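# Structural overview
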Amino acid sequence: MSSLSGDVGGLRLENPLILAAGILGTTGASMRRVALAGAGAVVTKSIGVEPRDGHPGPTVVRLGVGLLNAMGLPNPSYRAFQEEIESAREGGVPVIASIFGSCPEEFAEIASALDADGFELNLSCPHAEGYGMEIGCDPANVEEITRAVRRAVSVPVWVKLTPNVTDIRVLGIAAQRGGADAVVAINTLKAMAIDVESGYPILGNVIGGLSGPAIKPVALRCVYELSGALEIPVVGVGGVSCWQDAVEMIMAGAAGVQIGTALMGGLEVIREITNGISRFLDRKGWRLEDIRGIARRRR
Amino acid sequence: MRFRPANLVIKDVVRETSSVSTIRFERSLNPTPGQYIMVWVRGVDEIPMSFSAPDSITVHAVGDATRALCGLKPGDSVGSRGPFGNGFRLTGDKILLIGGGVGVAPLAFLGEDAKARGFDVTSLIGFRCKDDIIFLDRFRQLGDVILTTDDGSAGIEGRASAGLSAIDLRDYNQMYLCGPEMMMIDIIRRCREHASRIQASINRYFKCAVGICGSCCLDPEGIRVCVEGPVITGDRLLDSEFGRYRRGPSGMKESCY
């Protein structure tokens, strides 16, 4: 079968399928389990300076087209998280710490204190006041925060971007200017749902983020736009549920592909996707490099 | 397919003790005993509750959401997602139920289901004191009952484990366990050689209830309790974090007492 190994944003991966932030990333044991189920790398739950319990429930609404969530960045703080990273590493793949803060200093404090194989800066969570996309919509913030972390650590720094802006390329360029090794696109789309029996917004936080199949075409467009505008690699994420979705992301220009909501159906989907990509490449006589960004050359 | 919270209208609320109430809904949700639903008390929070009957949950008022739930009246409604999870699996023909406190609730449901299917049911149930006893009549209708109270105000004095001396576990094909975590791990450790025949309904911090947020994962295997549990066999629990520590809403490790 075709090899899927290669460099993704400064990390050598056995395959380009990566566990997305916020999915099964609270405990080292569950990340290790995802790694053993075939992921090329894992990204942790976003970690901040202080412990947070997250928003009141419901935190998740399952919709026919995807999943709506407003977890609210629950995390035990970086001070309690190194041991989880260590046990995640027993899975044998790179462990990327997703981190969030309210300013460059907080991001740098967390990144300096954690020993991880890479960092993914959460500048895109759509449902936490003072964090995520609230600061990550401003390209000046994105550049300054990226630079602060870049100076603080020697491992790869990825920046996860929000699609809830007019032009995501502006944020990508800011991350690149700040010294990012890659951008990750996209985080969830701001969304909500209302319970018609009572009139209550269903999510405890009222507003949340939409993931899953509904957002894949949006994610694909963002990856396509970013990879056309940036020198650094783009990691595609958003609604990938089968190997064809992953191939589409790569054809749009993605160096790596993250998976999240699809794991709701079980961890087996990881190997179904990586095996599916290999079989596809074999059938076509192509290598992974041959199809990366091919959509741009086919116009 | 419908995924959003369903509306459940409350038929009646029965006060079982000073802090425990049974909330009966206007319709059955057809759960397997041991399964749970995410109950949304609108405007407050959403919490997991196991079934005490196909159409009821039995709630210990200990936090904001459980207190709000116990304060609801017939005709009020809640939202619900589920039933979720893997419930108890009935095997053999002679079973033992071991319950502590409000943890006896899913066992009463299981016992009634088992008896209707022809199983021989024995129950060992423990409470802190006489005033905390619930569902004693339901258990007595199933078969033999061994009752314990911590203070000796009813039945055998001591923890539920004190009642173990009255029975021989080899007589039972399967044991079903639900109660406070330290009571459950104590029973499992005392009955180590039978651990693979013990099915325990356990509790971890559930948020998503669909197996992806990771907040309920059990070390060291990373078992997603919300979808792979909440019923897990004793042998898997013996080698796990169960009875040693748990994680709170932030993911921080905390004591399981």
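Now for a quick tour of the structure. Sequence order sets the numbering: in each chain, residues are counted from 1 along the sequence as written. Key to labels: chains lettered from A, ligands numbered from 1, both in the order written. This being a predicted model, a pLDDT of at least 70 is required before a residue's local features are given, and a value of 80 or more before pairs of side-chain atoms are given or counted; all residues contribute to the totals for chains, interfaces and linings. Here the side-chain values reflect all heavy atoms present in the structure, with hydrogen atoms and water set aside.

Only DSSP runs of H or I with at least four residues qualify as helices, and only runs of E with at least two residues qualify as strands; both kinds are numbered from the N terminus onward. Counting its regular elements, chain A contains 11 helices and 14 strands. Here the globule rule reads 2.2 Å times residues to the power 0.38, and the radius of gyration is calculated from C-alpha atoms. What you see for chain A is a C-alpha radius of gyration of 18 Å, in line with the 19 Å of a compact globule of 299 residues. Seen along its three principal axes, the alpha-carbon backbone of chain A occupies a region of about 50 × 50 × 40 Å. Three labels apply to residues, based on accessible area from a 1.4 Å probe with only protein chains included: buried if under 20% of the type maximum, exposed if over 50%, partly exposed otherwise in between. Taken across its 299 residues, chain A has 62% of its residues classed as buried. The contact criterion used throughout is that any non-hydrogen atoms of two residues lie within 4.5 Å. Within chain A, residue pairs in contact and separated by at least 24 positions form 68% of the contacts whose partners lie at least 6 positions apart. Here the Shrake-Rupley method, with its probe set to 1.4 Å, supplies the accessible areas, and only the displayed protein chains count as covering residues. For chain A, the accessible area works out to roughly 10600 Å², and carbon and sulfur atoms hold 48% of it. Charge assignment in this entry is limited to Lys and Arg as positive and Asp and Glu as negative, and neither His nor the chain termini are counted. A charge is said to be at NZ when it belongs to Lys, at CZ for Arg, at CG for Asp and at CD for Glu. Averaging the coordinates of the 27 positive side-chain charges in chain A and doing the same for the 32 negative ones gives two points 9 Å apart.

A few words now on unusual backbone geometry. What is expected of a backbone is that most residues other than glycine have negative phi and most peptide bonds are trans. Residues and elements named next belong to chain A. In this model, G57 is joined to P58 through a cis peptide bond whose omega is -10 degrees. Between A185 and the following residue, I186, the backbone shows a cis peptide bond with an omega angle of 15 degrees. Here I186 is to be found in the loop between β10 (182–185) and β11 (189–191). Located in the positive-phi region is L24, a residue other than glycine, with phi close to 45 degrees. Residue classification places L24 among the buried residues on the basis of a relative accessible area of 2%.

All names here are of chain A. DSSP calls a pair of strands paired once it identifies at least 2 bridges connecting them. Overall, parallel pairing links the 8 strands, which are arranged β3-β4-β7-β8-β9-β10-β13-β14 in a closed barrel. Between one strand axis and the next, the sheet turns through 25 degrees on average, direction left out of account. Pairing geometry for strand β8 (residues 118–122) and strand β9 (residues 157–160), over 4 bridges, is parallel. If you follow L121 over to β9, its bridge partner there is V159. An axis is simply a line fitted to the C-alpha atoms; with a helix, the fit covers only the stretch in contact. Between two such axes, the angle follows the N-to-C directions and lies from 0 to 180 degrees.

Once that is clear, we can look at the nonpolar core. Definition used in this section: a nonpolar core is a set of buried Ala, Val, Leu, Ile, Met, Phe, Trp, Tyr and Cys residues joined via side-chain atoms within 4.5 Å. Judged by nonpolar contacts, the single largest core of 92 residues is most densely connected at A:V42, A:I99, A:F119 and A:L121. By residue number, the principal contributor to this core is helix α9 (residues 268–284) of chain A, which donates 6 residues. Setting aside residues no more than four positions away along its own chain, A:F119 makes contact with A:I96, A:A97, A:I99, A:A111, A:L114, A:V153, A:V155, A:P156, A:V157 and A:W158. Among the nonpolar cores identified, the runner-up in size contains 35 residues, and B:I146, B:A200, B:A209 and B:V225 belong to it.

Looking now at the pairing of strand β11 (residues 174–178) of chain B. All names here are of chain B. The element β11 is largely enclosed, with a buried count of 5 among its 5 residues. Burial of β11 is two-sided: the residues Q174, Y176 and C178 facing one way and the residues M175 and L177 facing the other way are all buried. Pairing between strand β7 (residues 94–100) and β11: 5 bridges, direction parallel. Residue pairing in the sheet places L97 in a bridge with Y176 of β11. With 3 bridges connecting them, β11 and strand β12 (residues 198–201) associate as parallel partners. From the neighbouring strand, M175 faces β12, where its bridge partner is I198.

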